Amino acid sequence: MSSVHETHLLAEGITAAKAGQRAAARDFLTQVIALNARNELAWLWMSAIVDTPEQRRDCLVRVLLINPSNEAAQRGIAALEVQNKPAPPIHEPTPIVAIAAASSNLIQCPFCQSNTDSSKLDCQVCGENIILTCPSCDSTINLWETTRCPCGEGLRHYIFFPDGIDHEGLGQRYALMERWEPAARQWDRALKDGSHVVMLHRKLAQAYDKIGRNQEAEFHRQVAQS
Ligand SMILES: [Zn+2]
Ligand SMILES: [Zn+2]
């Protein structure tokens, strides 16, 4: 349900976007999303004013998660896919720098400095998370750009360059905000690092219970008890 305040901010954001005032529009729409991360129109308008195709895709995916039948978002994603059609196979070896320059989909991992695909959640070389969601407002945070969400939430206490992410602590932050899916993602990774194993199995059982993944919850409960 949208509040009067939310509706007002959305109207201001759309007016600014239509007038081409991107910074102002972004400011208003970010406030709307901070109030209500499921505001479909806010994400749709945000997709029109962000800087990169990747950000545009993130916004459109948000719209479709909220309303899978939103036709404007479906068309937008389809248009992005046409632009991003994979290039034909390369037979000559091509220096990685040239590939990076030719494709906006490659970014430098902030942890291992390798070139990796920016559309993936994790670095394909070192495996560390690159894309996270904000614990406060659920916006997408790209760690190669910032550790701070436009809503004000900062993640720098959990993220250490180039060492990696405190997955256990970050999972706890998501759990505190009742965001159990990203909490489970973080605790699963912490488990692979091998510390606090029993406690992590207990936490994972709780997180999977909350998101209805009962078999995984039961598995972790049993491991914690054994
Ligand atoms: Zn990496
Ligand atoms: Zn946020």
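Worth saying up front: this structure is predicted, and the values here are computed from it rather than measured. (Residues numbered from 1 in each chain as written. Chains lettered and ligands numbered in written order. Predicted model: local features only at pLDDT ≥ 70, side-chain atom pairs only at ≥ 80, totals over all residues.)

A.B. asks: How should the confidence of the model for the protein chain be read in this particular structure?
C.D. replies: Note: predicted coordinates in regions of low pLDDT should not be interpreted at a detailed level. For the protein chain, mean pLDDT is 86; residues scoring 70 or higher make up 90% of the total. Averaged over each element, pLDDT in the protein chain is lowest for helix α6 (residues 96-102) (41) and highest for helix α7 (residues 167-176) (96). Contacts for the low-pLDDT stretch residues 92-103, under 50 throughout, to residues beyond four places or in other chains number 5 contacts. (pLDDT = per-residue confidence, 0-100. Helix = DSSP H or I, 4+ residues; strand = E, 2+ residues; numbered from the N terminus. Contact = placed C-beta atoms within 7 Å.)

A.B. asks: Would you take a moment to explain the domain arrangement of the protein chain for this structure?
C.D. replies: Accessible area lost upon the coming together of the parts serves often as the stated size of an interface. If you check the domain split of the protein chain, you get domain 1 (4-83), domain 2 (89-159) and domain 3 (166-226). Listed by contribution, the elements that provide at least two residues to the side of domain 1 that touches domain 2 are α2 (22-35) and α4 (53-66). For the side of domain 1 that touches domain 2, the class distribution of residues is 4 nonpolar, 2 polar and 2 charged. (Domains from an automatic or database assignment. Nonpolar A, V, L, I, M, F, W, Y, C, P; charged D, E, K, R; others polar.)

A.B. asks: Explanation requested: the packing of helix α1 (residues 4-18) against α2 in the structure shown.
C.D. replies: For the pair α1 and α2, interaxial distance at closest approach is 8 Å and the crossing angle is 155°. In terms of orientation, α1 and α2 fall into the roughly antiparallel class. Pair α1 / α2 crosses with left-handed handedness. The segment α1 lies against α2, with H5, E6, L9, L10, E12, G13, A16 and A17 engaging A24, A25, F28, L29, Q31, V32 and L35. (Axes fitted to C-alpha atoms, helices over the stretch in contact; angles between N-to-C directions. Parallel < 35°, antiparallel > 145°, perpendicular 65-115°, else oblique. Left-handed = near helix turned anticlockwise from the far one by under 90°.)

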